Amino acid sequence: QTSIITGSELKQYNLANDNNSEGRGLDAAINYQLGFKANKDQLLTISYRYLKNSNSLFNNIDVSNEINYNDPDYHQTNAESLTEHTVQADYVQPIGKIIMEAGLKGIFRKNKSDFQYLTKNPLTGNYDLDQTGSNIFNNSQDVLAAYNSYSYQAANWQLKAGIREEETIINGDYRQGSDQIQQRYLNVLPAIV
């Protein structure tokens, strides 16, 4: 990349970027369903899912042919990852002509990022960590949910009513500064169809 910046003072430089990135992922799930001999419509289902992704990034930036441009060569690295666990249980129970459904679900996520910005020291030739351009971020998000519904089927119509409650808890922190993220959301959602 060649850049020429004009204005009150001409600036010119060339950038050479050597970039390398790599990612890996895993997604696995298991489900178990139990039926009951007494009533084939009575069911218990239990599910679990595991998800993991990781990515790494490396940038090597060399600056050359500078005119009125003093920024040094630099490296950027970022190691990031995501893990997620999901557990769920659902139950269906016929009660006469009414079908009752109930369930619980939990999603537990963790995200991490370690970003480093290193500048070339002109005296030693080594790349030194620049604390102002580097940071580590950790984030977790937990979602807890429960639902209960009842349905009635007649010859030409069906009535279904229920409620779902969901709470989301978010926490995050940065290594640099005092930035903290803490949020909680609670939603109660009634429904009728």
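Because the structure is a prediction, the values reported are computed rather than measured.

A. Geometry of the environment of R184. Along the polypeptide, R184 turns up in strand β9 (residues 180–192). With 41 residues separating them in the primary sequence, R184 and V143 have C-alpha atoms 9.8 Å apart. The residues touching R184, leaving out its near neighbours within four places in the chain, are E167, T168 and I169. Reaching out from R184, the side chain makes a polar contact with the side chain of E167 at a distance of 3.0 Å.

B. Here's a closer look at the packing of aromatic side chains. All chains considered together, the criterion is met by three aromatic pairs. Ring centres of Y13 and Y69 lie 4.0 Å apart, and the angle between their planes is 25°; on these two criteria the pair is classed as stacked. With Y13 in strand β2 (residues 11–36) and Y69 in the loop between β3 (39–67) and β4 (74–95), this residue pair connects regions lying 56 residues apart in the sequence. Residue class for Y69 comes out buried when judged on its relative accessible area of 18%.

C. Seen up close, the pattern of salt bridges. A complete count under the given rule lists eight salt bridges for this structure. Across the pair K120 and D73 runs a salt bridge, and its minimum N-O distance is 4.0 Å. Of the two residues, K120 sits in strand β5 (residues 98–120) while D73 sits in the loop between β3 and β4, which places them 47 residues apart along the sequence. On the basis of relative accessibility, which here comes to 13%, the residue D73 falls in the buried class. Of the charged contacts, one joins E167 and R184 as a salt bridge, the two residues approaching to 3.0 Å between their closest N and O atoms. Of this pair, E167 sits in strand β8 (residues 158–174) while R184 sits in strand β9; the two residues are 17 residues apart in sequence, bridging distant segments of the chain. Among the residues examined, E167 registers a relative accessible area of 21% and is labelled partly exposed. By relative accessible area, which is 56% here, R184 ends up exposed.

D. Here's a closer look at the side chain of D90. Relative to the elements of secondary structure, D90 occurs in strand β4. There is no salt bridge for the buried D90, and the closest opposite charge comes from R164, which lies 7.4 Å off by N-O distance. Of the polar contacts made by the side chain of D90, one reaches the side chain of Q88; its length is 2.8 Å. Here Y147 takes part through its side chain, which lies 2.9 Å from a polar atom of the side chain of D90. Apart from the residues within four sequence positions on either side, D90 is in contact with L43, L44, T45, A102, G103 and Y147.

Quick notes on the rules
- Residues numbered from 1 in each chain as written.
- Predicted model: local features only at pLDDT ≥ 70, side-chain atom pairs only at ≥ 80, totals over all residues.
- Heavy atoms only, no water.
- Helix = DSSP H or I, 4+ residues; strand = E, 2+ residues; numbered from the N terminus.
- Contact = heavy atoms within 4.5 Å.
- Polar contact = N/O pair within 3.5 Å; in protein donor to acceptor, adjacent residues only side chain to side chain.
- Phe/Tyr/Trp six-rings, centres within 6.5 Å; stacked < 30°, edge-to-face > 60°.
- Buried < 20%, exposed > 50% of the residue type's maximum accessible area, 1.4 Å probe, protein only.
- Salt bridge = Lys/Arg side-chain N within 4 Å of Asp/Glu carboxyl O.
- Lys, Arg positive; Asp, Glu negative; His and termini not counted.

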